[in-house]
Amino acid sequence: MDRPARALRRPPALNELGKRALEAAERRLSPRGLARLRDVLWAYRIYLYVTPGEDLVRQALAIFPEPVRALGARCPFHRYAARSGGGYWPDHNEVWLAAGVETYEGLRQVVLSSRHEMFHFVAHNDQRYRADDDASWPALWGALAASRAYVDAFPRYRDWIRHSFLPQGDHAEPAELFADIPTNFPDPAEIPPPLRDYFAPLLVGGDGGPDAVAHTEPSDLAAFHALITGA
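These lines cover the structure that appears in this document, whether it is placed above or below. (Residues numbered from 1 in each chain as written. Predicted model: local features only at pLDDT ≥ 70, side-chain atom pairs only at ≥ 80, totals over all residues. Heavy atoms only, no water.)

1. Things to note about the side chain of Thr103
Counted only if it meets this: Secondary structure elements follow DSSP: runs of H or I no shorter than four residues count as helices, runs of E no shorter than two count as strands, and numbering proceeds from the N terminus. Remark: exposure states derive from per-residue accessible area (1.4 Å probe, protein chains only) relative to the maximum for the residue type, with buried under 20%, exposed over 50%, and partly exposed in between. In what follows, residue pairs with any heavy atoms lying within 4.5 Å of each other are defined as contacts.
Looking at where Thr103 falls in the secondary structure, it is placed in helix α5 (residues 101-104). Look at Thr103 and you get buried, because its relative accessible area is 1%. For Thr103, the contacting residues outside a window of four places in its chain are Leu22, Arg38, Leu41, Ile46, Tyr47, Leu48 and Tyr49.

Now the structure itself:
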């Protein structure tokens, strides 16, 4: 996907009115009614509420340690005219997220989508994790290999890997897993201990990180999928 060319700007007063309307719709409408409303709105390319990028950075990282919040505050975060999608562009070191996430996916979802993209930014800008990324994630591979013996003791993590992460196919690769784990498992008690050690500086602060786990030589995507499923 090409980087968007232009950020979407919305008048604050109109944006606030749209937020109230969206909150009311999510609270009062049935799932079918909400889907019908979204179809009508999309026919006219209407975005009821678009959270400003700097607000999303704060919301996405609010539950993480101060060094993570401080690093994230450096990230240029833009919204653009589209129903869904977005990404982190390392060549510009910035995040773009579709303006339609709140209206067409949900107010809760926009924070999770933003958190995912912000952890791509963290991977590129925290020197401990940047080194692992640049080397094709040998420490992450090692943490995953050491986690295999523990997976069944963490059923939410196990089921998420099998039923949510792996069905993404070619998109289910190490960089996406790196961003997905803090997004979906900010509580380190829900992931196996080796992964807990690997992600500790980001989830709870303090010691840990790539140097706290044994490294494994990275391989291809099929080997990665076999590794995380225990095959």
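2. Structural notes on the pattern of salt bridges
The following threshold applies: Within this document, salt bridges are pairs made up of a side-chain nitrogen of Lys or Arg and a carboxyl oxygen of Asp or Glu, the two lying within 4 Å of each other.
For the structure shown, the criterion picks out 8 salt bridges. Here Asp126 and Arg128 are joined by a salt bridge, their closest N and O atoms 2.6 Å apart. Linking Arg130 and Asp134 is a salt bridge whose minimum nitrogen-to-oxygen distance equals 3.1 Å. One end of the pair is Arg130 and the other is Asp134, both in helix α7 (residues 127-134) and 4 residues apart, which spans about a single turn. The class for Arg130 is partly exposed, based on a relative accessible area of 24%.

3. Quick look at the pairing of strand β3 (residues 94-98)
The criterion, for reference: By the convention used here, strands pair only if DSSP detects at least 2 bridges between them.
When you tally the buried positions in β3, you get 5 out of 5 residues, the bulk of the element. Bridge analysis of strand β1 (residues 77-80) against β3 gives 4 bridges, and the strand direction is parallel. When the bridges of β3 are listed, Tyr80 appears paired with Ala98. Bridging between strand β2 (residues 86-89) and β3 involves 4 bridges; their strand directions are antiparallel. Bridging across to β3, Gly86 finds its partner in Leu97. Counted along the chain from β2 to the antiparallel partner β3, the turn is 4 residues long, and its residue Asn93 has a positive phi close to 55 degrees.

4. Digging into the environment of His78
Defined as follows: In the analysis that follows, any N or O atom pair within 3.5 Å is treated as a polar contact, provided that within protein one partner can donate a hydrogen and the other can accept it, and provided that, for residues neighboring in sequence, both atoms belong to side chains.
If you trace the backbone, His78 turns up in strand β1. In contact with His78, other than residues within four places in its own chain, are Ala7, Glu94, Val95, Trp96 and Leu97. Engagement of the side chain of His78 in a polar contact is seen with the side chain of Glu94, the distance being 3.5 Å.

5. Here's the deal with helix α3 (residues 53-61)
Formally: When we speak of the arc, we mean the arc of directions from the helix axis to the C-beta atoms.
Residues of α3 that are buried include every one of Gly53, Leu56, Val57, Ala60 and Leu61, and no others. Projected down its long axis, α3 shows its buried positions confined to an angular sector of 110 degrees, all on one face. Contacts made by the buried residues of α3 are with α4 (66-72), β1, β3 and α6 (107-125).

6. Considerations on the nonpolar core
To keep it simple, the criterion reads: Among the buried residues, those of types Ala, Val, Leu, Ile, Met, Phe, Trp, Tyr and Cys that are joined through side-chain atoms within 4.5 Å form a nonpolar core.
The biggest cluster of nonpolar side chains holds 56 residues, and the ones touching the most others in it are Leu144, Tyr157, Leu177, Phe178, Leu195, Tyr198 and Phe199. Considering every element that reaches this core, the biggest residue donor is α6, with 7 residues. With sequence-adjacent residues up to four places away left out, Phe199 is seen in contact with Tyr129, Leu140, Phe178, Ile181 and Pro182. Grouped together as the second largest cluster of nonpolar side chains are 10 residues, Trp42, Tyr47, Tyr49 and Leu107 included.

Remember, this is a structural readout, not a statement about activity or role.
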